[in-house]
Amino acid sequence: MESILTINNLTKKFGYLTAVKDLSFTINKGNVYGILGPNGSGKSTTLGVVLNVVNKTEGDFHWFDGNTSTHDALKKVGAIIERPNFYPYMTATQNLKLVCKIKGVDYSKIDEKLEIVGLLERKDSKFKTYSLGMKQRLAIASALLNDPEILILDEPTNGLDPQGIHQIREIIKQIAAKGTTILLASHLLDEVEKVCSHVVVLRKGVKLYSGRVDEMISSHGFFELKTNKESELVKLLENHKSFGKVKVHENLVTAFLNEPMKSDDFNKHLFEKGITLTHLVQRKESLEEQFLQLTDNNQN
Amino acid sequence: MLRLLNLELQKLLLNRTSKILIFVSFILPFFVILLSSLKINVFGFFTLELGELGVFNFPIIWHLTTFFASQFKFFFAIVVVSMIGNEYSNKTIKQNLIDGLSKKEFILSKFYTIVFFSIVSTVLIGLISLCIGLYYSSYTEASIVFRGVEFLVAYFVKLIGFFSLCLFFGMLVKRSAFALAFLFILFILEWILFGLIAWQSDGNLAEKIQNFFPLKSMYKLIDQPFQRIAMSKFPDKAELAYDYGAHGYEMLIVLCWTALFIFLSFKLLKKRDL
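Residues numbered from 1 in each chain as written. Chains lettered and ligands numbered in written order. Predicted model: local features only at pLDDT ≥ 70, side-chain atom pairs only at ≥ 80, totals over all residues. Heavy atoms only, no water.

S.K.: Would you take a moment to explain the confidence of the model for chain A for this structure?
M.R.: Do not read the fine detail of predicted coordinates wherever pLDDT is low. Overall, the prediction assigns chain A a mean pLDDT of 86, with 98% of residues at 70 or greater. Averaged over each element, pLDDT in chain A is lowest for helix 10 (residues 287-299) of chain A (72) and highest for helix 3 (residues 92-103) of chain A (93). (pLDDT = per-residue confidence, 0-100. Helix = DSSP H or I, 4+ residues; strand = E, 2+ residues; numbered from the N terminus.)

The following block contains the structure:
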């Protein structure tokens, strides 16, 4: 697979504080990546280093095949960091023209990208008159100007209202559907879960996991069950070899699987044993549960 | 190079405040010189015509106009520090770098702008001086007309040097107002140092050393012309004589400072985490 960004043993220290410690991972073409981690885990610092605004302390990174300088590579990258930064006294079009001049892109792209983010009607309004949601959408349009090989988004929905969050997510999904590689840094897990195929999990600057979202913890999921014969059900589950832990909370029985099992087979089995269910749901752990499990395991 | 200049000009000319300040610093002295060269009737009491004093004769006109016009450089100094300060406060410096501008290109785009406006200003002042001079001067032979033209070169070097200093202070403190305060502090500091050296040794030595300081060396490029005008009126008064020339070595000192300030600005930006 074609690699877009390779990071090797990257370390960044701010005085005594180590923001990123010995971090290595690779971003491949065509996937949607999430960088997950609580606030202050080194997500933005890592992105800052690869985007040439933060100096690394040790280690190295290279874009694409390693033969392009960072400065040239950034012309093929679209990135938004934290807050949308534009000149307040210029209109949207003027701001984007400036970006075109920096990236060496033709002006004809401006209207096309403003159309994508739905700002075409307001293109001649000054940036300072925009709402936060519009500013963030303008930032996305600016990042898309050069039809980037990879789009880097750092907390793109931070501080937005639910409508704004929804709009940004829809735009990201559209872009991902076109096959653009995306790197999304966020502490909002459901956001990452909804759009990403791969994740890198960081805590205190150390990598805990990198790989596919669904392989983050080895788990076969669990059943949520309700029945009128609760004690019989619990007894049966505890003696069944396919099940591990069983939890009961307010009439809801949660049974964790040790091996794969289909819900229809399980239902049939219970019915044969004389237990009828009033509620049956088979689920996998959400990213949030997986994430907490992962960070907890590493704390102990 | 044109791309970088173009980039910075867009940032400046779309901003109303900097547009006004640029106008004040470059166009205003042009008009003031033009007006002062006209006959002014002061309420019918007497007619003021500066031209009659001989100040618009070649070669002294080069000295006078460049000295006068260089006082307006402070307005553009505000533009220079604010063009750095605004990039920091809007965080657009970070966005520019992320968009693919290198740190070197960022500093260069600012420097090219400084050079560009210095050239524009020098050409403007050169043209107006030439026109007024030709109108008033009784000698219009090329050898006399262009005798004092080194003041124009000195004016150009002075502008570049001063604005590079402002650029460096802007990069150093990131805030426009503080950068201007730093300029003032430097001015005081130079005089304190001068005072200290003069007190410890003698005044002559102190002045020689002071001539190497950044602000003083820029000032020395074009000395005040009033004494020179007085000299031309009373040629026998030897105590008025002083060295008013715009010398090559003075320009060299200022150019060295310019190179140092631009280099330091670049190093500073390179080292900084944004």
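S.K.: What should I look at first to understand the UniProt feature "transmembrane region" (unreviewed entry) in chain B in this one?
M.R.: Per the UniProt record, "transmembrane region" (unreviewed entry) is found at residues 20-40, 60-84, 111-136, 148-170, 177-199 and 251-269 of chain B. In the segment residues 251-269 of chain B, helix accounts for 100% and strand for 0%; the C-alpha atoms at its two ends are 27 Å apart. (UniProt positions renumbered as here; feature names shortened; annotations may be inferred.)

S.K.: It is not clear to me how the packing of aromatic side chains should be interpreted in this structure. Could you clarify?
M.R.: Within the structure shown, the criterion is met by 20 aromatic pairs over all chains. With 5.8 Å between their ring centres and 70° between their planes, Phe68(B) and Phe72(B) make a pair best called edge-to-face. On the basis of relative accessible area, Phe72(B) is assigned to the buried category, the value being 13%. Relative to Phe182(B), the ring of Phe169(B) lies with its centre 5.5 Å away and its plane at 70°, an arrangement referred to as edge-to-face. Separated by 13 residues along the polypeptide, Phe169(B) in helix 8 (residues 150-173) and Phe182(B) in helix 9 (residues 176-200) bring together distant segments of the chain. The exposure class assigned to Phe169(B) is buried, which follows from its relative accessible area of 8%. For Phe182(B), a relative accessible area of 33% translates into the label partly exposed. Ring pairs connect the aromatic residues Phe74(B), Phe76(B), Phe116(B), Phe117(B), Phe162(B) and Phe163(B), which therefore count as one cluster. Positioned above the aromatic ring of Phe64(A) is the side chain of Lys76(A), whose terminal nitrogen or guanidinium carbon lies 4.6 Å from the ring centre. (Phe/Tyr/Trp six-rings, centres within 6.5 Å; stacked < 30°, edge-to-face > 60°. Buried < 20%, exposed > 50% of the residue type's maximum accessible area, 1.4 Å probe, protein only. Lys NZ or Arg CZ within 6 Å of the ring centre and 35° of its normal.)

S.K.: Before we go on, may I ask you to explain the sheet that holds strand 7 (residues 181-186) of chain A in this structure?
M.R.: Strand pairing within a sheet occurs via backbone hydrogen bonds; the two strands may be parallel or antiparallel. All names here are of chain A. One open sheet accounts for six strands, arranged 5-6-7-3-8-9; its pairing is mixed. Each edge of the open sheet carries a strand with a single partner, namely strand 5 (77-80) and strand 9 (206-212). When the angles between neighbouring strand axes are averaged without regard to direction, this sheet yields 10°. Each of strand 3 (32-36), strand 6 (150-154), strand 7 and strand 8 (198-203) touches helix 1 (residues 43-50); the most contacted strand, strand 7, lies at about 140° to it. Each of strand 5 and strand 6 touches helix 5 (residues 132-144); the most contacted strand, strand 5, lies at about 165° to it. (Pairing = 2+ DSSP bridges. Axes fitted to C-alpha atoms, helices over the stretch in contact; angles between N-to-C directions. Contact = heavy atoms within 4.5 Å.)

S.K.: Just to check I follow, could you spell out the side chain of Glu224(A) for this structure?
M.R.: With respect to the secondary-structure elements, Glu224(A) resides in strand 10 (residues 222-227). Setting aside residues up to four positions removed in sequence, Glu224(A) forms contacts with Leu252(A), Val253(A), Thr254(A), His279(A), Leu280(A), Val281(A) and Arg283(A).

S.K.: What's the story with the pattern of salt bridges in this structure? I'm lost.
M.R.: All names here are of chain A. For the structure shown, the criterion picks out 14 salt bridges over all chains. We note a salt bridge from Lys-29 to Glu-149, for which the minimum N-O separation is 3.2 Å. Of the two residues, Lys-29 is situated in the loop between strand 2 (17-28) and strand 3 and Glu-149 in the loop between helix 5 and strand 6; the sequence distance between them amounts to 120 residues. When its relative accessible area of 36% is taken as the criterion, Lys-29 is described as partly exposed. Here Lys-123 and Asp-111 are joined by a salt bridge, their closest N and O atoms 3.3 Å apart. Of the two residues, Lys-123 sits in the loop between helix 4 (109-116) and helix 5 while Asp-111 sits in helix 4, which places them 12 residues apart along the sequence. By relative accessible area, which is 23% here, Lys-123 ends up partly exposed. Linked by salt bridges that have partners in common, Lys-109, Glu-112, Lys-113 and Asp-147 make up one network. (Salt bridge = Lys/Arg side-chain N within 4 Å of Asp/Glu carboxyl O.)

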